[in-house]
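Here are the chains, one letter per residue:
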Amino acid sequence: MFQPVILKLSKDSYIFVEVKPNADKFFIIKEGRVRVFRNTGDMVGNAAGPGDMFGVVSVMAGHGYIESAVAVTDVVLLVVERKQYGELISKASSVAIKNIKQFSIRLRELNDHLSHQMLKSTSVEDSSILSKLGEYYEKSGKINQAVYSYQQYLVNYPDAENNSEIKTKIDNLLPKATVDRPSYPVNVMMQTYPKDCLLFAEGEKGHNLYIIQSGSVKITKMVNNQEIVLAVLGKSDIFGEMAMLEDKPRAATAEIYEDCKLLAVNRENFSKLINEQPDMVVKLTGIMSERIWLLYRQLDNTFIENPLGRLYDALIIQLEKNRVDLKSNEPYQCSFGFNELQGMAGITIKKGSEDYVKFLSSKKISINNDKIFLNNVFEIFKEAEYYRSMQKKDNSIRDYKHARTT
């Protein structure tokens, strides 16, 4: 039976802080108001009131607290453990629906914020993004992806002025395509796709979320003609829910990184999923929480100015995501290569440059079958910590000089 503990705190009390590891409890406000905020970056804190939940992302993601929470007034809170979340939503399915929709909105906001931080550009809905994607992939020699992007541009914007030009491009590129991308009716749930094709492209209309049964998918976003790698997803990961829930264009591109078998869930099936399979809803909430946590960590990464520091920190983020023991002296095989790592860090290091040579000639790292191989996890952790500490030192010096001149 769902019986949360009641906690009473006085005004200005800290409920948790973002440096606290192993988040194990989230909270529902019964009385009073709470401010939830981050100490890093420039995210503005939010005020929460009666009926609101906070700390859910950290707890359901299974990492440390990614935010801090302080009582704005005297508060009465319901304390909920992760294992009780299933009981909570089985009592009130509306809680699950509200959470998932809130998480979807939050993911879209964080995606936009990350784009802005990485490339100093605010992401807006752009009707030409599909044609721009096609141009980018065409110039990069990724013909399969270019053809799909151009085709979706025609589907989504049938009355565009440049359609005849786009059709000509497709006709010229089709003979060079190396992958025949399958197409499925909306009611087919089990779908398979080959490597090097797009499942969906940023800007197209979306109707399904996907659960990976086997293989992997790379999630990317195009900003200022540069591809940002948001994540490389594997078995059991869920993605694509934002477009389905909000009925908006896809906020990112999903590229088949390795041959994939996917379970496709549309809006009708999703409603049944919530009512009939609460365990799956718990899992979806956990995965969305993990992605929000990951976006927060990627935002933190953007404040590291040294390119090598960004790369090492991006490696640590992936290790944290996969729950690798950072104090381990064991080797670790990554599921991505150097190009993907650069995308995750939002930087470009030219092949043969000093930073490129320094990073890949390190005894700590090698390349195995085009994937990054870490010879010693703890050594990578120490390297990332060094660059983080140097950034903090630079920030302190900068703050001190600014204070002296104001």
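Residues numbered from 1 in each chain as written. Predicted model: local features only at pLDDT ≥ 70, side-chain atom pairs only at ≥ 80, totals over all residues. Heavy atoms only, no water.

Caption draft 1: Geometry of the packing of helix H10 (residues 307-321) against helix H11 (residues 338-345). Where H10 meets H11, the axes come as close as 9 Å, and the angle between the chain directions of the two elements is 95 degrees. Here H11 runs roughly perpendicular to H10, going by the angle between their axes. For the pair formed by H10 and H11, the contact residues are Arg310, Leu311, Ala314, Leu315 and Gln318 on the first element and Phe338, Leu341, Gln342, Met344 and Ala345 on the second. Among the residues forming the contact of H10 with H11, the class breakdown is seven nonpolar, two polar and one charged. (Axes fitted to C-alpha atoms, helices over the stretch in contact; angles between N-to-C directions. Helix = DSSP H or I, 4+ residues; strand = E, 2+ residues; numbered from the N terminus. Parallel < 35°, antiparallel > 145°, perpendicular 65-115°, else oblique. Contact = heavy atoms within 4.5 Å. Nonpolar A, V, L, I, M, F, W, Y, C, P; charged D, E, K, R; others polar.)

Caption draft 2: Seen up close, the sheet that holds strand E5 (residues 46-48). An order of E2-E7-E4-E5 is seen for the four strands of this open sheet, with the pairing classed as antiparallel. Edge strands, defined here as strands with exactly one partner in the open sheet, are strand E2 (14-16) and E5. The sheet shows a mean angle of 30 degrees between the axes of neighbouring strands, taken without regard to direction. Inspection of the sheet shows strand E4 (residues 34-37) paired to strand E7 (residues 68-71) by four bridges, in the antiparallel sense. Paired with Arg35 across the bridge in E7 is Val70. (Pairing = 2+ DSSP bridges.)

Caption draft 3: Quick look at helix H5 (residues 143-156). Here H5 is 14 residues long and its end C-alpha atoms lie 20 Å apart, about the 20 Å a rise of 1.5 Å per residue gives. With 12 of 14 residues buried, H5 lies mostly within the body of the structure. Turning to H5, its buried residues are Ile143, Asn144, Gln145, Ala146, Val147, Tyr148, Ser149, Tyr150, Gln152, Tyr153, Leu154 and Asn156. Packed against the buried residues of H5 are helix H4 (129-139), helix H6 (163-173), strand E10 (198-200) and strand E14 (253-266). (Expected span 1.5 Å × (residues − 1). Buried < 20%, exposed > 50% of the residue type's maximum accessible area, 1.4 Å probe, protein only.)

Caption draft 4: Representation of the environment of Met222. Among the secondary structure elements, Met222 is positioned in strand E11 (residues 208-223). Measuring from C-alpha to C-alpha, the distance between Met222 and Met390 comes to 30 Å, with 168 residues separating the pair along the chain. Not counting the four nearest positions on each side in its chain, Met222 is found in contact with Ile129, Leu133, Tyr136, Glu202 and Glu227.

Caption draft 5: Spotlight on the sheet that holds strand E17 (residues 371-374). Strand order across the open sheet formed by three strands is E15-E17-E16, with antiparallel pairing between neighbours. Each edge of the sheet is formed by a strand with only one pairing partner; in this case those strands are strand E15 (332-333) and strand E16 (365-368). In this sheet, E17 lies alongside E16 in antiparallel orientation, the contact comprising four bridges. In the sheet register, Ser366 faces E17, and the bridge partner there is Phe373. Along the sheet face, H10 touches E15, E16 and E17 and points at about 85 degrees away from the line of E17.

Caption draft 6: Region of the structure containing the side chain of Glu241. Examined against the element boundaries, Glu241 turns out to sit in helix H7 (residues 241-246). Among the polar contacts made by the side chain of Glu241, one reaches the side chain of Arg291 at a distance of 2.9 Å. Leave out the neighbours within four places in its chain, and Glu241 touches Ser104, Leu107, Leu209, Met288 and Arg291. (Polar contact = N/O pair within 3.5 Å; in protein donor to acceptor, adjacent residues only side chain to side chain.)

Caption draft 7: View of the nonpolar core. Ranked by internal contacts, the top residues of the largest apolar core, which has 93 residues, are Val34, Phe54, Leu199, Val217, Phe239 and Phe270. Top element by residues in this core is helix H9 (residues 278-301). It accounts for 11 residues. Core analysis: the next-biggest nonpolar cluster, separate from the first, contains 30 residues, Met344, Ala345, Val377 and Ala384 among them. (Core = buried A, V, L, I, M, F, W, Y, C linked by side-chain atoms within 4.5 Å.)

Caption draft 8: Fine view of H4. Taken together, the buried positions of H4 are occupied by Ile129, Leu130, Ser131, Leu133, Gly134 and Tyr137. Where the residues of H4 are buried, they touch H5, H6, E10, E11, strand E12 (226-233) and E14. Positive phi shows up at Gly141, right after H4, with a value of about 80 degrees.

Caption draft 9: Inspection of the packing of H4 against H5 at higher detail. Close contact between H4 and H5 brings their axes to 8 Å; oriented N to C, the two are set at 165 degrees. Between H4 and H5, the crossing angle belongs to the class labelled roughly antiparallel. In this structure, H4 crosses over H5, and the sense of that crossing is left-handed. Residue-level contacts link Leu130, Ser131, Leu133, Gly134, Glu135, Tyr137 and Glu138 of H4 to Gln145, Ala146, Ser149, Tyr150, Gln152, Tyr153 and Asn156 of H5. Looking at the contact of H4 with H5, its residues break down into six nonpolar, six polar and two charged. (Left-handed = near helix turned anticlockwise from the far one by under 90°.)

Caption draft 10: Representation of the side chain of His63 in the model. Looking at where His63 falls in the secondary structure, it is placed in the loop between helix H1 (56-61) and E7. Aside from chain neighbours lying at most four places away, what touches His63 is Asn22, Ala23, Ser58, Glu290, Trp293, Glu320, Lys321 and Arg323.

Caption draft 11: Up close: the state of the cysteines. Within this structure, the stated rule accounts for zero disulfides. Cys197 carries a free sulfur, and the closest cysteine sulfur to it, the one in Cys260, is 8.6 Å from it. With no disulfide of its own, Cys334 lies 19 Å from the sulfur of Cys260, the closest cysteine sulfur. (Disulfide = S-S within 2.5 Å.)

Caption draft 12: Examining the environment of Asn275 more closely. One can find Asn275 in helix H8 (residues 267-276). The exposed category is assigned to Asn275, whose relative accessible area is 57%. Along the primary structure Asn275 and Ile89 are separated by 186 residues, whereas in three dimensions their C-alpha atoms are 9.8 Å apart.

Caption draft 13: Spatial organisation of the packing of aromatic side chains. Across all of its chains, the model carries 18 aromatic pairs by this definition. When the centroid spacing of 6.1 Å and the interplanar angle of 20 degrees are considered together, the rings of Phe378 and Phe381 count as stacked. Of this pair, Phe378 and Phe381 both sit in helix H13 (residues 377-405), three residues apart, which is roughly one turn of the helix. With relative accessibility at 23%, the residue Phe378 sits in the partly exposed group. On the basis of relative accessible area, Phe381 is assigned to the buried category, the value being 15%. Of the aromatic side chains, those joined through ring pairs into one cluster are Tyr312, Phe338, Tyr356, Phe359, Tyr386 and Tyr387. (Phe/Tyr/Trp six-rings, centres within 6.5 Å; stacked < 30°, edge-to-face > 60°.)

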